[in-house]
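Understanding the architecture of this molecule
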Amino acid sequence: MSGLRSRFGRRRFIRATGGTAMALGAAALVGCGGGEEPAATGRKDAPAAPGAPAAAATATPQARAIRRGGELVLPQAGNPPTLDVQLSTAANTTNLGRMLYDQVLAYVLNADPADLTIEPSLAASAEVPDAATYRFVLRPGVKMHNRPPMNGRVVTARDVKFSFDRLRAKGSPVAGVYDPIASIDVVDERTVIFRLNTGYAPFPSVVAEPQTSFVVVPEVVEQDGDMTKRPGASGPFVFDAYEAGVRYRVNRNPNYFREGYPRVDRVTRIIQNDASALIAAFASKQVHVTGADPVVLEQLQRLVSNLKVAEQPSATSSAWVFNTRVAPLSDVRVRRALAKAIDQQRLLDVVLKKTGSLSGPVPPGLGKWALPSAEVRAAYSQDLAQAKQLLAAAGLSGGFSTSIIVYSGQTTYSQHAELVQQDLAAVGVRVKIDLQDQALGRKNLIDGNFETGMPTGKTTALEVDLHLRDNYAAKGSRNWGGFSDAQVEQWIAQQLVETNEGKRLELTKQIQRRVLELMPEVFLPVSSSRSAIRPEVEDYWPSVNSDRASEVATWLNA
Amino acid sequence: MLSRAAHQMRVGWSVGLTGRHAVLRRGGLGLVGGVLLTVMILMAAVAPLITVAPNFQTAQILASPGGDHWLGTDHLGRDMFSRMVWGSRTTFLVAGLAVTLGVSVGTIAGLLSGYYRGGTDAVVQRVVDALIAFPGLVLAMAAIAAFSANKLTISLTVGFVLSPGVARIVRGATLATMSHDFIEAAVALGASNRRIMFQHVLPNVTAPIIVASTVLIGVGVLIESSLSFLGFGLPPPDPTWGQMLSGPGRVYMLSQPWLAVLPGIAITLTVLCANLFGDSLRDVLDPRLR
Amino acid sequence: MSRYVGRRIALFVPTMLVVSLLTFGLLRAIPGDAVLAQLEDSPRLSRQEIEELRAELGLNDPLWAQYARWVGGILIGDFGRSFGGGLEITSEFKRRLPYTAELAVLALVISIVIGVPFGAASAFVRGSPLDYLLRLFAVFWLAVPNFWIATMALILPVVWFGWSPNIVATKLTEAPAQHLVDMLIPGAIMGISSSAVSLRMTRSQVLEVLRQDYIRTAYAKGLGSLTVLRRHALRNALIPVVTIWGTQASGLLSGSVLMETIFGIPGLGQWTVESIRLRDYPVTQALVLFFAFATMAVNLLVDLSYSWLDPRIRVG
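Residues numbered from 1 in each chain as written. Chains lettered and ligands numbered in written order. Predicted model: local features only at pLDDT ≥ 70, side-chain atom pairs only at ≥ 80, totals over all residues. Heavy atoms only, no water.

**Let's talk about the overall build of chain A**
Per the secondary structure count, chain A includes 18 helices and 20 strands. When each of the 558 residues of chain A is scored for burial, the buried share is 65%. Relative to all contacts within chain A whose residues are 6 or more apart in sequence, the contacts with residues 24 or more apart total 72%. Split by element, the accessible area of chain A, about 18,000 Å² in all, is 49% carbon and sulfur. (Helix = DSSP H or I, 4+ residues; strand = E, 2+ residues; numbered from the N terminus. Buried < 20%, exposed > 50% of the residue type's maximum accessible area, 1.4 Å probe, protein only. Contact = heavy atoms within 4.5 Å. Areas by Shrake-Rupley, 256 points an atom, 1.4 Å probe, with all protein chains shown as cover.)

**Let's talk about the interface of chain A and chain B**
The interface of chain A with chain B comprises 27 residues on the first partner and 26 residues on the second. Of the roughly 2,100 Å² buried between chain A and chain B on both sides combined, carbon and sulfur atoms contribute 58%. For the chain A face of the interface with chain B, the top three residues by lost area are Gln299, Glu418 and Leu435 of chain A, together amounting to 22%. Counting across the chain A and chain B interface gives two salt bridges. Between chain A and chain B we count eight residue pairs in polar contact (both at pLDDT 80 or more) in total. Secondary-structure elements contributing two or more residues to the side of chain A that touches chain B are helix 8 (275-283), helix 9 (294-303), helix 11 (344-351), helix 14 (411-425) and strand 15 (430-436) of chain A. Tallying contributions element by element places helix 14 of chain A first for the side of chain A that touches chain B, with seven residues. (Buried area = accessible area lost by both parts, 1.4 Å probe. Salt bridge = Lys/Arg side-chain N within 4 Å of Asp/Glu carboxyl O. Polar contact = N/O pair within 3.5 Å; in protein donor to acceptor, adjacent residues only side chain to side chain.)

**What to know about a nonpolar patch on the surface**
Residue and element names in this part refer to chain C. On the surface, a cluster of nonpolar side chains totalling about 580 Å² of accessible area is made up of Val159, Trp160, Phe161, Trp163 and Val181. For the nonpolar patch, the leading source of residues is helix 7 (residues 146-161), giving three residues. The exposure class of Val181 is partly exposed, given its relative accessible area of 37%. (Patch = residues over 30% accessible without salt bridge, like charges linked within 9 Å, V, L, I, M, F, W, Y side chains within 5 Å.)

**Description of the pattern of salt bridges**
Tallied over the entire structure, the rule returns 46 salt bridges over all chains. For Lys458 of chain A, the salt bridge is made with Glu521 of chain A, and the minimal N-O distance between the two is 2.8 Å. Highlighted residues: Lys458 of chain A in the loop between strand 16 (452-454) and helix 16 (464-472) and Glu521 of chain A in strand 17 (residues 521-524), separated in sequence by 63 residues. Taking the relative accessible area as the measure of exposure, Lys458 of chain A reaches 4% and is therefore buried. When salt bridges that share partners are traced, they join Glu418 of chain A together with Asp74, Arg78 and Arg83 of chain B into one network.

**What to know about the interface of chain C and chain B**
Chain C puts 57 residues into the contact, and the matching count from chain B is 54 residues. When the area that chain C buries against chain B is broken down by residue, the three leading residues are Phe147, Trp148 and Arg200 of chain C, summing to 12%. At the boundary of chain C with chain B, the tally comes to zero salt bridges. The interface formed by chain C and chain B holds two residue pairs in polar contact (both at pLDDT 80 or more) in total. Residues of the side of chain C that touches chain B, tallied by class, amount to 35 nonpolar, twelve polar and ten charged. (Nonpolar A, V, L, I, M, F, W, Y, C, P; charged D, E, K, R; others polar.)

**Quick notes on the nonpolar core**
Ranked by size, the top nonpolar core spans 157 residues in total, and within it Leu300 of chain A, Met141, Val201, Leu227, Leu230 and Trp241 of chain B together with Phe263 of chain C carry the most contacts. The contact partners of Val201 of chain B, leaving out residues within four places of it in the chain, are Leu111, Tyr115, Thr174, Thr177, Met178, Ile183 and Ile196 of chain B. The next biggest cluster of nonpolar side chains, apart from the first, holds 141 residues, and it includes Tyr107, Ala157, Val206 and Val488 of chain A. (Core = buried A, V, L, I, M, F, W, Y, C linked by side-chain atoms within 4.5 Å.)

**Considerations on the sheet that holds strand 7 (residues 191-196) of chain A**
Residues and elements named next belong to chain A. Across the sheet, four strands lie side by side as 4-5-7-6; this open sheet has antiparallel pairing. The sheet is open, and its two borders are formed by strand 4 (123-130) and strand 6 (181-188), each paired with just one other strand. Sheet twist, expressed as the mean angle between neighbouring strand axes with direction ignored, is 20°. Bridge count for strand 4 against strand 5 (residues 133-138) is five bridges, and the pairing is antiparallel. (Pairing = 2+ DSSP bridges. Axes fitted to C-alpha atoms, helices over the stretch in contact; angles between N-to-C directions.)

**Looking at the sheet that holds strand 10 (residues 266-271) of chain A**
All names here are of chain A. The strand order 1-10-9-8 describes an open sheet built from four strands, whose pairing is mixed. One side of each edge strand has no neighbouring strand; the edge strands of this open sheet are strand 1 (71-76) and strand 8 (237-243). When strand polarity is set aside, the average angle formed by the axes of neighbouring strands in this sheet is 20°.

**Remarks on unusual backbone geometry**
Residues and elements named next belong to chain A. Put simply, Tyr261 and Pro262 share a cis peptide bond, and its omega is -10°. You can see Pro262 is positioned in the loop between strand 9 (247-252) and strand 10. For the peptide bond that leads from Ala327 to Pro328, omega is 0°, which places it in the cis range. Inspection of the secondary structure assignment puts Pro328 in the loop between strand 13 (318-322) and helix 10 (332-341).

**Looking at the confidence of the model for chain C**
Residues and elements named next belong to chain C. Here chain C shows a mean pLDDT of 82. Residues at 70 or above account for 91%. By mean pLDDT, the top-scoring element of chain C is helix 7 (90), and the lowest-scoring one is helix 10 (residues 225-262) (73). Interface confidence in the predicted complex, given as ipTM, is 0.84; pTM for the same model is 0.83. (pLDDT = per-residue confidence, 0-100.)

**Here's the deal with the side chain of Arg263 of chain A**
Residue and element names in this part refer to chain A. Its location among the elements puts Arg263 in the loop between strand 9 and strand 10. A residue is classified by how much of its surface remains accessible, and Arg263, at 2% relative accessible area, is buried. Among the polar contacts made by the side chain of Arg263, one reaches the side chain of Tyr261 at a distance of 3.4 Å. Here Ala553 takes part through its backbone oxygen, which lies 2.7 Å from a polar atom of the side chain of Arg263.

**Some remarks on helix 11 (residues 268-277) of chain C**
Of all the ten residues making up helix 11 of chain C, eight are buried; the element is thus mostly covered by neighbouring parts of the structure. The positive-phi residue at the C-terminal boundary of helix 11 of chain C is Arg279 of chain C, with phi of around 55°.

**Some points on the packing of helix 8 of chain A against helix 7 of chain C**
It is at 9 Å that the axes of helix 8 of chain A and helix 7 of chain C come closest, and there the two elements cross at 25°. Considering their axes alone, helix 8 of chain A and helix 7 of chain C lie roughly parallel with respect to each other. The two elements helix 8 of chain A and helix 7 of chain C cross, and the hand of that crossing is left-handed. Residues Ser276, Ala277, Ile279, Ala280 and Ala283 of chain A of helix 8 of chain A form the contact with helix 7 of chain C, whose own contacting residues are Thr151, Leu154, Ile155 and Val158 of chain C. (Parallel < 35°, antiparallel > 145°, perpendicular 65-115°, else oblique. Left-handed = near helix turned anticlockwise from the far one by under 90°.)

**Here's the deal with the packing of aromatic side chains**
Overall, the coordinates contain 25 aromatic pairs over all chains when judged by the stated rule. Relative to Phe322 of chain A, the ring of Trp320 of chain A has its centre 4.7 Å away and its plane inclined at 65°; by these criteria the two rings are edge-to-face. In this structure Phe322 of chain A comes out as buried when scored by relative accessible area, which is 0%. Through a chain of ring-to-ring contacts, three or more aromatic side chains come together here, namely Tyr134, Phe136, Phe164, Tyr178, Phe194 and Phe203 of chain A. Directly above the aromatic system of Phe24 of chain C lies the positively charged group of Arg28 of chain C, at a separation of 3.8 Å from the ring centroid. (Phe/Tyr/Trp six-rings, centres within 6.5 Å; stacked < 30°, edge-to-face > 60°. Lys NZ or Arg CZ within 6 Å of the ring centre and 35° of its normal.)

**Some details on the confidence of the model for chain A**
Of all residues in chain A, 88% attain a pLDDT of 70 or more, and the chain-wide mean is 85. In the predicted structure, residues 1-61 of chain A sits below a pLDDT of 50 and forms 138 contacts with residues beyond four places in sequence or in another chain.

**Quick look at the environment of Ala493 of chain A**
Residues and elements named next belong to chain A. As for its placement among the helices and strands, Ala493 is situated in helix 17 (residues 486-497). Ala493 sits in the partly exposed class, given a relative accessible area of 46%. For the pair Ala493 and Val192, spaced 301 residues apart in the sequence, the C-alpha separation amounts to 28 Å.

**Things to note about the environment of Met190 of chain C**
All names here are of chain C. In this fold, Met190 is placed in helix 8 (residues 176-210). Separated by 116 residues in the primary sequence, Met190 and Tyr306 place their C-alpha atoms 25 Å from one another. Those residues within four positions of Met190 in sequence are excluded, and the remaining contacts are Leu103, Ala107, Leu252, Gly255, Ser256 and Met259.

Structural data, given as C-alpha cells:
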C-alpha cells in the first residue's frame, strides 16, 4: 500500500528531502499510493491528536453522522486583487485558489493545526532519486471541472509542467522561489520530473504551499491570456460568481477526486472587514465562522453562548524594523538599547490580551523551526538600566528622537507602537508615530526612507527559508532596513542546500540567534490566530494561514 | 475686506448674546447649548490643570467607570476622563481651525460668485466651481495621504472640504439679497462693487453664515471622525474623540461599552449644543426678525 | 432660458478641465503607486521587475503623456482599465452606479419627507415645546456620527432579537425584497442625518418668510395658516433649502462611502476608497470626474429651480 515507502523507505526519503520544513511523514503517505482511495481519509474524521497544544475544538466524534449539503458562508477581509491565483500571493486570492485548484503536494488536512506533514495530493507518489531531482507520478483519472474548455478532461503531467513553468516565468510574483529549477520534464501522461540545479531544501514545502503551487489549466491561459475570466481547474469547488466588494461563490465539484468531499454544496465568501459588522453577522447567522481576536471573541461569546473556538499559533512574525543605514540606528548598541527598554510582556498582556507568545525571527507557527520562547524571552528581558548604559556608550545619554511608521488601520501595530513610545520615553528616546496608508508606508520602507517601522507584509509561508532569506540576506526583498552580515549571509546560503534536516535546523537556529544579537529588528509578540465557529459548524479546521483547504471537510449540522 | 466682515460678525455676535432679544435673556435650548459648549471648551483649555496626561498609564486595564477612575480606563489602561478632556482639546482645535478656514474661503467665494453671477471673472468662477465639484472626501483622503496625517493637514483639508458648502449658501443668500431694492439703490448711487458687496450684501447674508458656521463646527468634528474611521485620521497617541470612537473602542461595544459610548456622547453633545446655540443666535441675529 | 442652460452646460467643459488637471496632479502627488500598493506579500519581486510592472502600466511615461493619453481616451469614450485586475472601468462603473444612485435617492427622499414638513411645522409653532422637540430630534440625528448609528443598527438588533441587517448587499435581480431592505437601512441612516439639515433650513427660511409683508397681507386677507403656508410661505422658503439639497448631493458621496463600507454595498463610494488605497489612478480619476460632473449638473438644476421658485430671480 505504501507506494513511496516501499520504493525508497523512510530513511532514504528523509535523507533526500532532509531540508524540507516538514518531511513527508510516513503516516501521511500510507494509503496514498493507489490513488483509488481518498488521501488521508483515515485521518480526516479522527479527533484531534492527543497532546496537540492548540488542537481545533471542532473534532467530531466518529459516530456522528455527517450531514451533507448547505451553504457555508465565510468572511474575507477584501477583494481578491486578481482572480488569477498565480498572479498574486495575497491571502484574499489564495482563499479562492485553494477551493478551485489542487496542488501536487499539500499540507495534510486534519483537525490539528500543528500537524505540518506534507502529503501527495494530485500526485499519487513522489520520488527523490537524488537531492536535485523530484519525480512525481500523478493520481490517475483526476478530472478537471466539467466546463469549457476543459470539459472534465483528466489532469496530466503537462498541466503540472505548464503551471510550474508559468510560476517560475518572469513576472510571476513567486518566480524567485523556483530559481533553482533547471527544467521540468514530462515523462508520460502521469509522470513529471523536476530537475534542480542543486539541492534545494525548501522545495517540497514550496510545492505544498498553495500560494506558490496551484496547478492551472494551460488551454484557459492560452485562450484568455490568464486565469481571471475562467478561474478553476480540478479543485474541490467549481467557480460560480464574483461580485467585487460583495462576495464570491463556488459550488461543490461533484467529480472531486477525494470521494465524499466536499461536504457542503456551496461556499460563499462575503467581503467585509468591519469588525462590528462581522460581530453582528456572526451572531445573526450571516457568517458561519469569523476570525476573532480576544476582544472580538469576548463580544461574540456574549451573543452566541455555545460557539466554538479554534486557535493556531501564528505563522507570521511581527517586527519593529530599524533602518540600519542611518545613525544612530546604525549602531548596534542603540538598537539593543531600544530592545532592552521595551516591556515585551506588557505588549503581550495588554495589546494581545495574553493570547500569543513572544516570537523570534521565525514565528511559533513553524513549530520546531522557531526558537524556543524561553530563549526569545531571555533576549528581550526589559532592563532600563542596561538600556541607558548602552545609549550612553553610544554617546546618546540624552536620548534621541525617532519615528515609527505604522500603516493606518493596523490597530494591533498602532497599539504596540503606543506602548513602545511610552517605554522608550523612560530612557529619553522620543518617538513620533507616523501613520501612513499602506501604499505610502510600503514605498517608504522599500525605498529605505524611514527610521523605524512596524510594517505588515511579512511572509505567511510555512517554509523557514522564506522567513530568513527574504528578511536578512543583504539582497532580501523584505530586508527593508538594509541589514547585512557576512556570517548570516553564509549560513543562509548553507541552509538552502543542506539536505540533512537536523543540520539545517541547527543552521536556521544559528541564523536566528545571530539576528537576535545584531537586532536589525525587534520582534514583537505574535497572537495566535483564532476563529470563532458557530455551533452548527462541524469539522472546520482553520489552518495556520491559507495553507489548507479546510472548506472541503466542513459540514453544517443544522 | 476681511476685517470689515469680521467686524460685522462681531457686531452680530455681541448683539446676539446681549441684545434685547438675545439668547442670554431668552434662555431655552440655545442657552443650554451655549453654556454646555462653553464649559466643554473651557475644560479643553484647562485640561492640564484638571487631569493627568492622556497617555498616563494606570494600574488597571479596562476598569469600569466609577471607583478610582470615574469614567473607567481604556484598553491600554489609560484614564478615560483624561482621554476625553485631552481629546476635546485636539478635536476643538482641528474643528475650529477647519471652520475658520472653510467659512472665510467659502464666504469670499460665495459672495464673488453670487455677486458677479457668471459674468466678469469667468476664470475665477471655473476654478471655484471645480473646487466645489471636486468630491471632498477624495480630496481629504488624497491630501492626507500626500502630506501625512497631522493636525495642520487635517484642519486645512477639512476646512477646504467645508468651504464649498459655505460658498453655496452664501451664494444663494447673495442672489436673494441682490434682488432687493436697496441694492439697486446702492448701484444707482454709484457705490463701488466692493462697497456694495461688503457693506450691503454681507450684513444681509451674515445670518446664514453664522447658522452655517455652527453647523460646520459639528460637521468638522464629524468629518474628522469619519476620516479616522476610514484610516485617515490623526495618529496616536494624542487622542481625538473621532479616533477614540472609530478606533479599537468600537469593538468593545458589548463588553466595555464606555470606550466608544463616551466619545460618541461627547461628539453628539458638542454638535447638538453648537447647533442649538447657532439656531437661537440665528433667531435673534437677523435684524428683520426683531 | 435655453440659451442660459446651453451656456451653463458649455461652461462644464472648462470646469471639467480644471477638475481633471486637479485630480491628475493630486493623485500623482501622493507618494506610492499602484505597483507598490499591490505588492502585498509578493516574495522576491526585484527592483527591476517593479520597474517593469510600472512601465507596463505606463507609470514611467512623462506626466504630460500620461495626461494626454487619459484625456484622449475619455474623448473617445474610453476610461481605460483598472490597474488592479484590469477591469474595464466603464463596465464596472455600470455595475456599481445603481447602488450608489439608489442610496442617494433613498436618502434624499427620506430627508425631504422628514425635513420639510417637520421644519415648516417647527417654524409655525416656534417657541412651543413641539418646536423644541422637533429641533432636538433634527439636531440629534445630525449630531451622531453616521458610522456610529450604522454600528448600532447592526449590533443592537442582534442583542435584542438575534437578527441583524445584512452586512453585504443582495442583488436586486436575485431577491428584490431583500435588496430593498438591504438598501433601505443605510439609505435611512443617511437620510435621517441629512433630514436635520433640511429641517433646520426649512424652519429658518419659513420663519424668515413668515414675517414678510406679503404673508402679513395674506393673513390680512383672512387666509388660514395652512393655506398661507402652502401657497406663500413654503414655496419662498424652499430656495435656500434647495441649495442645501444641492450641496448635500455632493455630500451624499461621503455618506455613501461609510454606509457602503459598513453594509457591504458595492457602490461607487466603496470603489473610490479602494482605488485611493491602491493608487488605482484610472479608477479614481474617472470617479472624481463623474462626481464632479454630477455635482455640477445638480447645481445647475438647483440654480434653475431658483427662478422657478422665486420669479424675482431671473436667470440668463
